[in-house]
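# Structural description and commentary
Here is how the chains run, residue by residue.
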Amino acid sequence: MALVPCQVLRVAILLSYCSILCNYKAIEMPSHQTYGGSWKFLTFIDLVIQAVFFGICVLTDLSSLLTRGSGNQEQERQLKKLISLRDWMLAVLAFPVGVFVVAVFWIIYAYDREMIYPKLLDNFIPGWLNHGMHTTVLPFILIEMRTSHHQYPSRSSGLTAICTFSVGYILWVCWVHHVTGMWVYPFLEHIGPGARIIFFGSTTILMNFLYLLGEVLNNYIWDTHRSKYYCLRGHKTRITANKSIFRD
């Protein structure tokens with residue numbers, strides 16, 4: 001039995017994302033006032049994705065609680081749609097985009113923080129908020145994956161969706177540069193056009209890899225759970241059978 005029910009964890013995670021988003025939006029930074037505002041940063045888009053995802057998780061839990069034992073087929077149909085949406089969001093957006101943001105941010109930060117998160121930002125963004133945006137995303141999504149089974153879509157449709165998201169964001173970054181003359185991320189200013197194409201192509205490939213990693217991880221976690229369940233069940237059956245033999 002879990003120490004904390006997964007429903008309570010989801011509510012806590014949702015509230016933490018709401019707090020992070022509110023605190024981030026309250027910061028008066030020059031970049032928030034320029035074209036695209038916060039929406040040009042993948043970190044902010046990811047925070048919105050995570051908040052919406054966990055919001056759907058909480059809504060699904062509430063709907064499940066309200067429809068339990070009601071026998072209403074329409075309500076059960078709506079619940080199944082919610083569960084499908086929840087699973088699709090985790091597979092296509094919440095996991096790959098969340099892991100991408102954490103991994104790429106900290107790799108570039110470790111190499112040269114000025115390329116991704118200049119020291120100047122420390123004057124606007126406190127350390128706890130930085131970790132809320134770029135660190136806790138990973139454990140939160142892993143907790144969700146560990147506590148609930150998620151049905152992944154077909155591989156072709158899942159990869160098509162994550163490719164569409166990746167290419168769409170790359171085009172958005174290029175459009176912001178076209179309008180303002182400045183790149184969203186400082187390191188893009190220091191590399192040539194060819195290197196940018198390679199970087200954008202590599203990020204799309206990485207997104208696809210992370211989608212596949214999420215699928216493999218989800219299957220591994222829940223296949224292991226099933227194996228343990230069946231082993232335990234078989235063990236209990238054998239004990240019951242042995243007791244019956246002794247009684248006879």
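Residues numbered from 1 in each chain as written. Predicted model: local features only at pLDDT ≥ 70, side-chain atom pairs only at ≥ 80, totals over all residues. Heavy atoms only, no water.

Another aspect to go through is the UniProt feature "transmembrane region" (unreviewed entry) in the protein chain. Here, UniProt's "transmembrane region" (unreviewed entry) annotation points to residues 42–67, 88–108, 128–145, 157–178 and 198–218. Helix makes up 100% of residues 88–108 and strand makes up 0%, while its end C-alpha atoms are separated by 29 Å. Between the C-alpha atoms that bound residues 198–218 there is a distance of 30 Å. The span itself is 100% helix and 0% strand. (UniProt positions renumbered as here; feature names shortened; annotations may be inferred. Helix = DSSP H or I, 4+ residues; strand = E, 2+ residues; numbered from the N terminus.)

What follows concerns the packing of aromatic side chains. Summed over the entire model, instances satisfying the criterion amount to 17 aromatic pairs. With 6.3 Å between their ring centres and 50° between their planes, W183 and F200 make a pair best called tilted. With W183 in the loop between α7 (155–180) and α8 (193–247) and F200 in helix α8, this residue pair connects regions lying 17 residues apart in the sequence. Neither W183 nor F200 differs from the other in exposure class; each is buried. (Phe/Tyr/Trp six-rings, centres within 6.5 Å; stacked < 30°, edge-to-face > 60°. Buried < 20%, exposed > 50% of the residue type's maximum accessible area, 1.4 Å probe, protein only.)

Turning our eyes to something else, we now look at the nonpolar core. Ranked by internal contacts, the top residues of the largest apolar core, which has 65 residues, are Y17, L42, V97 and Y185. Elements with a contribution of two residues or more to this core: α1 (6–26), α3 (42–67), α4 (73–112), α5 (127–134), α6 (137–147), α7 and α8. Per-element tally for this core: the top contributor is α4, with 16 residues. The contact partners of V97, leaving out residues within four places of it in the chain, are L42, D46, I49, I162, F165 and M207. (Core = buried A, V, L, I, M, F, W, Y, C linked by side-chain atoms within 4.5 Å. Contact = heavy atoms within 4.5 Å.)

To continue, consider the side chain of S148. In this fold, S148 is placed in the loop between α6 and α7. Residue contacts for S148: discarding those within four places in its chain leaves C6, R10 and W222.

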